[in-house]
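Results of the structural survey
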Amino acid sequence: MERKNFLKSLLLGALTTPVLLTACDKNEDTVTPSEGTTDSGSGTVTNPGTSSSSCTVAPTETEGPFPTKAPASYVRSDITNGRSGYKMTAKITIGNTNNNCAGLANAIVDIWHCDAEGNYSEYGGSGMQSTNYQSVHFLRGRQVTDANGLVTFTSIFPGWYNGRATHIHVHIYNANGTSLKVTQIAFPEGSGTAVAAVNGYNKGLSGYTYNSRDNVFSDDSAGVQIATVTGNTTDGFELAIKLNVAA
Amino acid sequence: MAHRIITLCYRKVIDSSSVKPWDTLVFEDSYTEFKMQAQLYNQEKKYRTFAELLQHAPGAEKLHFLVSAAVIGYLQQLNEIIPDILNNLGKHFLRFNQFQFEIINSDIQDKTKHQVAFNFYSEPLVWHDTIQNYLLVSEKKAGEEEILTNLFQLQPYLNIHSLQTEA
């Protein structure tokens, strides 16, 4: 499939070359239609981008570096990216309601949540510029379920922000990337819970929205969206939940 | 003498007609990621194009950011050198740390409509002179008598992004 597309794109490239030739002829320049390889000759035309044809010297450098296939930066188990907070391991099992809720293998699971201050990774401001592309997508991750339907992420215990209870977003896809479910994981509340122990990090819990008043979780009277969370602030927390989807 | 400090922005457009290996990897992976992430804003499957999502689905503008994760790995492979833009010797000379990835157009059912762009923002340069349609620039460094310069041509998709005058 990939190869086919690649070949197709080569073909498309070949088809568009005459257009570039025409454009360049108008400028009466020597034409070197060689985007794919480094041209060491005395070509005078290069095509920055895709469809522009400007009249500058052609690349005259040793070829390389050669690009290699790279996965999305989401694909990792540890999604912390240097964000500070209490360590949290999240074990999420995906079950298939079309198969007695047995573990669903090879499902793609995306999760994302806010940091200790309640902020998500995203483009900020109007400039939308990012300096550090190592950690742009902090606290966002993607894993593929094992034979038991399990994925494991290492992260930090989420903070909270106005209007929402503590939560983790989850998007579950089948192996082909087709969406099966978009949902959220809620946390147990009350004395002795992780939410109480973390106490909203530096913010405290004044003004906190509890599950019963949360616009996403308030209808979950059976508590199926609430994870089991164990551990403490010294050793870290472990979250476990099973989410069933129709696959 | 006053120094003019500029940064350049090169907007590299990638679409189905792109043929370079790096470009086609970016094209393929950003399209796959777009199709996955777009479902978050299209749970009723009402929309087909990126433009429709932007217009009707709240939050869909985050797709620029969300899809960018698919191409970060390729960005790292550039080793902070802006591609395609050459000095008059035919060598790459612009360095970048800042970038912005954008989806220009896309369609979940028609891959040929998929078009994305990287905006590469150069490190600050001193703009010494303009010779015909060439700019003479050097990297911004302090206190050297002889400075090494680059001569490059203004060209499509290359913009002077910012200008600052230093005494």
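Above: the structure in question.
This report concerns the structure included in the present document. (Residues numbered from 1 in each chain as written. Chains lettered and ligands numbered in written order. Predicted model: local features only at pLDDT ≥ 70, side-chain atom pairs only at ≥ 80, totals over all residues. Heavy atoms only, no water.)

1. Things to note about the nonpolar core
Under the convention used in this document: Here, nonpolar core means buried Ala, Val, Leu, Ile, Met, Phe, Trp, Tyr and Cys residues that are tied together by side-chain atoms lying within 4.5 Å of each other. Only protein chains enter the calculation, and the probe is 1.4 Å; a residue is then buried if its accessible area is under 20% of its type maximum, exposed if over 50%, and partly exposed in between. A helix here means a DSSP run of H or I that spans at least four residues, while a strand means a run of E at least two residues long, and both kinds are numbered starting from the N terminus. Any two residues having at least one pair of non-hydrogen atoms within 4.5 Å are treated as being in contact.
Membership of the largest hydrophobic core comes to 53 residues, with the highest contact counts inside it found for L53, F101, F118 and F120 of chain B. With six residues, helix α1 (residues 21-38) of chain B is the largest single contributor of residues to this core. With residues up to four places along the chain from it excluded, the contact list for F118 of chain B reads Y10, R11, K12, I14, W22, V26, V71, L75, F99, Q100 and F101 of chain B. Counting 38 residues, the second-largest nonpolar core is a separate cluster that includes I156, A165, Y208 and A227 of chain A.

2. Digging into the environment of P83 of chain B
Residue and element names in this part refer to chain B. With respect to the element layout, P83 can be found in the loop between α4 (72-76) and β2 (96-105). Along the chain, P83 and E139 lie 56 residues apart, while their C-alpha atoms are 17 Å from each other. Excluding residues within four positions of it along the chain, P83 makes contact with Y10, K12, L78, H92 and F120.

3. Some remarks on the interface of chain B and chain A
Which entries qualify depends on this criterion: Reported buried area values correspond to the accessible surface (1.4 Å probe) lost by two parts on association, with both partners' losses combined. The salt bridge criterion pairs a side-chain nitrogen of Lys or Arg with a carboxyl oxygen of Asp or Glu, the two atoms within 4 Å. We define a polar contact as two N or O atoms separated by no more than 3.5 Å, with the added condition that, inside protein, one atom must be a possible hydrogen donor and the other a possible acceptor, whereas residues neighbouring each other in sequence contribute only through side-chain atom pairs. Charged means Asp, Glu, Lys or Arg here, nonpolar means Ala, Val, Leu, Ile, Met, Phe, Trp, Tyr, Cys or Pro, and polar covers whatever is left, Gly included.
On the chain A side, the residues contacting the 58 residues of chain B number 53 residues. With both sides pooled, the region where chain B packs onto chain A buries about 4,800 Å², and carbon together with sulfur makes up 57% of that total. Area buried by chain B at its contact with chain A is led by V19, M36 and F65 of chain B, which between them contribute 15% of it. The interface formed by chain B and chain A includes two salt bridges. Of the charged contacts in the structure, one is a salt bridge between E33 of chain B and R142 of chain A, with a shortest N-O distance of 2.7 Å. Linking chain B with chain A are 14 residue pairs in polar contact (both at pLDDT 80 or more). Elements with a contribution of two residues or more to the side of chain B that touches chain A: β1 (3-15), α1, α3 (63-68), α4 and β2 of chain B. The element that contributes the greatest number of residues to the side of chain B that touches chain A is α1 of chain B, accounting for nine residues. The residue makeup of the side of chain B that touches chain A, split by class, is 25 nonpolar, 23 polar and 10 charged.

4. Some words on the packing of aromatic side chains
Residue and element names in this part refer to chain B. Put simply, the rule reads: Two rings belonging to Phe, Tyr or Trp (six-membered ring only in the last case) form a pair when the distance between their centres is within 6.5 Å. Interplanar angles under 30 degrees mark stacking, angles over 60 mark edge-to-face geometry, and anything in between is tilted.
Applying the stated criterion across every chain yields a total of 13 aromatic pairs over all chains. Ring centres of F93 and F152 lie 5.4 Å apart, and the angle between their planes is 45°; this geometry places the pair in the tilted category. Remark: F152 occurs in strand β6 (residues 149-153) and F93 occurs in the loop between α4 and β2; sequence separation between them is 59 residues. Residue classification places F93 among the buried residues on the basis of a relative accessible area of 11%.

5. Observations concerning the pattern of salt bridges
Residues and elements named next belong to chain B. Going through the model one piece at a time under the given rule, you end up with 14 salt bridges over all chains. Across the pair E102 and R11 runs a salt bridge, and its minimum N-O distance is 2.8 Å. Taken together, the residues E102 in strand β2 and R11 in strand β1 connect sequence positions 91 residues apart. Residue classification places E102 among the buried residues on the basis of a relative accessible area of 16%. A salt bridge links K140 to E166, with the shortest nitrogen-to-oxygen separation between them at 3.6 Å. Placement of the pair is K140 in the loop between β5 (134-139) and β6 and E166 in strand β7 (residues 158-166), with a sequence separation of 26 residues. Its relative accessible area of 27% is what places E166 among the partly exposed residues. Overlapping salt bridges, with partners in common, bring together K12, K20, D23 and D84 in one network.

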